[in-house]
Amino acid sequence: MMEGFRPADPGMNGQLIERLRTAITGEYNAIHCYEVLMNQARTDHERRRISEIRGDEMHHFQVFSSLYQQMTGETYQPQQTEACPNTYMEGLRHAIEDEQNTVDFYMETGDMATNEQIKSIFYRIAKDEQNHAVWFLYFYALSRR
Ligand SMILES: [Fe+2]
Ligand SMILES: [Fe+2]
């Protein structure tokens, strides 16, 4: 366990660890469902962009997993908890909402955290998710023309 990552308040620590599990599971599901979405994409441009977004989620997954490891001394093994949407349009709608909800969740978690390093990890990743939401919204708008 890394000393620097142990907040003074143990109750806060527990909440943060619980939120980290949720974050790891969310990233894990996104990595899986964005592979499906990537294969449903209508153009190479959209496919490439979704592949890059999926790469970001893999990076987020690693950052959160390693933070979890540092805080608990344990590895968290998530399970696939959701079924991926069937069509490209449904997948985009789902992704837009999921990314937006994730921005809120990570911003709240950043606000809760007392450790500056942990705060900045959550704020930085929230920015990525906001950017993902905009891309998905753009693809959704293009698909509806
Ligand atoms: Fe992510
Ligand atoms: Fe994302």
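Look a little higher up for the structure.
In this report, the structure presented in the accompanying data block is examined. All values reported here derive from a predicted model rather than from experimental measurement.

As for helix α2 (residues 44–72)
With 29 residues, α2 should reach 42 Å at 1.5 Å per residue; the first-to-last C-alpha distance of 42 Å fits that figure. What α2 keeps buried is the set Glu46, Ile50, Ile53, Glu57, His60, Phe64, Leu67 and Tyr68. Of the residues trailing α2, Gly73 is marked for its positive phi of about 75°.

As for helix α3 (residues 88–112)
Taking 1.5 Å of rise per residue, the 25 residues of α3 would be expected to cover 36 Å, and the 35 Å separating its terminal C-alpha atoms lies within 8% of that figure. Those residues of α3 not exposed but buried are Gly91, Leu92, Ala95, Glu99, Thr102, Tyr106 and Thr109.

Focus on the environment of Arg124
In this fold, Arg124 is placed in helix α4 (residues 116–143). Judged by the 13 C-beta atoms lying within 10 Å of it, Arg124 falls in the partly exposed class. Each C-alpha atom of the pair Arg124 and Leu142 lies 28 Å from the other, and the pair is 18 residues apart in sequence.

Conventions we followed
- Residues numbered from 1 in each chain as written.
- Chains lettered and ligands numbered in written order.
- Predicted model: local features only at pLDDT ≥ 70, side-chain atom pairs only at ≥ 80, totals over all residues.
- Helix = DSSP H or I, 4+ residues; strand = E, 2+ residues; numbered from the N terminus.
- Expected span 1.5 Å × (residues − 1).
- Buried ≥ 20, exposed ≤ 12 C-beta atoms within 10 Å, placed from the backbone.

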